[in-house]
Amino acid sequence: MKIGIPRALYFYVYYPMWYGFFSSLGHEIKLSVPTNKEIINLGVSHSVDDICISVKVFHGHVKYLLDKKDVDFVFVPRIASEEKYKYTCPKLAALPDLMRSAFVRDASRILTATFYTRQGEKPIMEGFEDIGKQLGDSDEKIKMAVKMGIKYQKLAVKSLRSGHTFLDVVKNIRDLDSLIKKPVQKQPYTVALAGFPYDVYDTFTNGDVISKLEDSGVGIVTTDMLDPKVYKHYSKYMIKDLFWYQANAAAKGGMYYIDAPDIDGVISISSFNCGISSIYQKLLDLYSKEMGKPVMHIIVDEQTGDAGLATRIEAFIDLIRVKRGDGLVAQTNNLHGTEDGVHVRSL
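Reading the values: rules and limits
- Residues numbered from 1 in each chain as written.
- Predicted model: local features only at pLDDT ≥ 70, side-chain atom pairs only at ≥ 80, totals over all residues.
- Heavy atoms only, no water.
- Salt bridge = Lys/Arg side-chain N within 4 Å of Asp/Glu carboxyl O.
- Buried < 20%, exposed > 50% of the residue type's maximum accessible area, 1.4 Å probe, protein only.
- Helix = DSSP H or I, 4+ residues; strand = E, 2+ residues; numbered from the N terminus.
- Pairing = 2+ DSSP bridges.
- Right-handed = clockwise from strand over helix to strand, strands pointing away.
- pLDDT = per-residue confidence, 0-100.
- Contact = heavy atoms within 4.5 Å.
- Phe/Tyr/Trp six-rings, centres within 6.5 Å; stacked < 30°, edge-to-face > 60°.

Undergrad: Which residues make up the pattern of salt bridges, and what values go with them?
TA: For the structure shown, the criterion picks out 11 salt bridges. Overlapping salt bridges, with partners in common, bring together E83, K86, D241 and K252 in one network.

Undergrad: An account of the pairing of strand 9 (residues 265-271) is needed here, citing residue identities and associated values.
TA: Where burial is concerned, most of strand 9 is hidden: seven out of the seven residues are buried. Residue alternation in strand 9 divides its side chains into two sets, G265, I267, I269 and S271 and V266, S268 and S270, and both sets are buried. Here four bridges tie strand 7 (residues 189-194) to strand 9, and the two strands are oriented parallel to one another. Looking at strand 9, one finds that L193 is bridged to I267. For strand 9 and strand 10 (residues 295-300), the ladder comprises six bridges, and the chain directions are parallel. The residue of strand 10 that forms the bridge with V266 is V295. Of the crossover connections in this fold, the one passing from strand 9 over helix 13 (residues 275-291) to the parallel strand 10 is right-handed.

Undergrad: Give a description of the confidence of the model for the protein chain that names residues and reports values.
TA: Residue-level pLDDT values for the protein chain average 90, and 94% of them are 70 or greater. Low confidence marks residues 331-347, where pLDDT is under 50. Its contacts with residues over four positions away, or in another chain, come to 36 contacts.

Undergrad: Now, about unusual backbone geometry: what can you tell me, with residues and values included?
TA: Located in the positive-phi region is R118, a residue other than glycine, with phi close to 55°. A residue is classified by how much of its surface remains accessible, and R118, at 41% relative accessible area, is partly exposed. Non-glycine residue N273 carries a positive phi angle of around 80°. The topology assignment puts N273 in the loop between strand 9 and helix 13. The partly exposed category is assigned to N273, whose relative accessible area is 43%.

Undergrad: Mind laying out the sheet that holds strand 5 (residues 110-111), listing which residues take part and the relevant values?
TA: A sheet is described by the order of its strands in space; here four strands give the open sequence 2-1-3-5, paired in parallel fashion. The open sheet has two edge strands, strand 2 (28-31) and strand 5, and neither has a second partner. When strand 3 (residues 73-75) meets strand 5, the two strands line up parallel, connected through two bridges. Bridge pairing in strand 5 links F75 to L111.

Undergrad: Residues and numbers for the packing of aromatic side chains, please.
TA: Counting across every chain of the model gives 22 aromatic pairs. Between F22 and F75, the aromatic rings sit 5.1 Å apart at their centres with planes inclined by 80°, giving edge-to-face as the arrangement. Of this pair, F22 sits in helix 1 (residues 11-24) while F75 sits in strand 3, placing them 53 residues apart in sequence. Given a relative accessible area of 0%, F22 falls into the buried group. Note on F75: relative accessible area 0%, which makes it buried. One aromatic cluster in this structure is built from F11, Y12, Y15, Y19, Y152, F166 and Y201.

Structural data, given as structure tokens:
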């Protein structure tokens with residue numbers, strides 16, 4: 001079987017597990033292309049207006065895969081919960097229903113099951129057993145494939161903990177052991193990116209923030225690189241936990257980085273029309289004022305332009321340079337601030 005996997009939403013969290021599972025069963029994985037203008041146009045034209053750009057983009061990736069005649073099924077898991085007693089965004093939990101409603105003719109090609117993650121291996125096994133049975137695989141093969149999927153997910157987490165981004169994980173999915181051992185080059189400045197992984201890592205919708213920072217000689221870290229244990233105590237700065245796992249990871253992880261002495265600033269990335277992100281961004285604003293560390297918010301939608309974003313990032317880098325006493329950066333003929341285009345002028 002050829003299984004299509006949309007390169008959107010929880011792809012940026014659980015793709016290693018999906019890769020390990022399907023490849024172990026001998027199924028061929030077909031990824032959609034990275035988000036581009038065509039994908040966004042497909043998503044906008046096949047979704048309702050009042051949902052966030054991240055879900056619209058997911059529609060586009062699913063449509064792209066459904067249009068491929070050599071794709072037998074498109075995998076759209078229902079991630080119901082990532083933490084005990086908490087549930088995911090209703091739109092994300094309803095993704096299989098949204099896709100079947102949007103693409104009625106191909107509804108039978110939507111491959112789905114319900115998953116409860118980060119709550120032990122048993123609920124993960126139950127979700128994948130459902131998938132394996134739909135594909136006609138034997139119980140023995142399914143159990144071995146689930147173990148392989150969990151193994152890949154653990155290796156991906158180790159890669160993140162060692163300072164590599166999820167984009168690095170995707171590029172090196174066949175040899176994560178080598179990625180874990182590869183050192184991450186230290187830069188003079190380090191900026192933390194806080195937000196849902198799919199907002200942080202979708203380089204088209206967010207204007208490729210990571211590359212813009214790296215081209216300017218700035219190292220980046222992300223909230224998904226953190227072990228949740230290190231920011232658990234930040235609950236005391238909130239009346240109560242937010243409604244779902246990824247929102248708490250963005251809020252508390254962002255606070256952790258605001259406190260961290262080796263982090264020069266924090267940039268949060270979210271999609272327009274996402275209610276929960278407006279809450280954690282406000283929490284980061286309040287905490288940054290208390291701690292005195294620069295925080296910038298980037299909110300994207302299908303109309304977000306690249307040039308204005310580049311200017312904002314340049315201004316943010318200037319701000320952290322000034323706070324460090326290093327003067328401003330004047331960028332000439334180079335929007336991204338690559339090595340040949342950076343000139344430093346003192347105040």
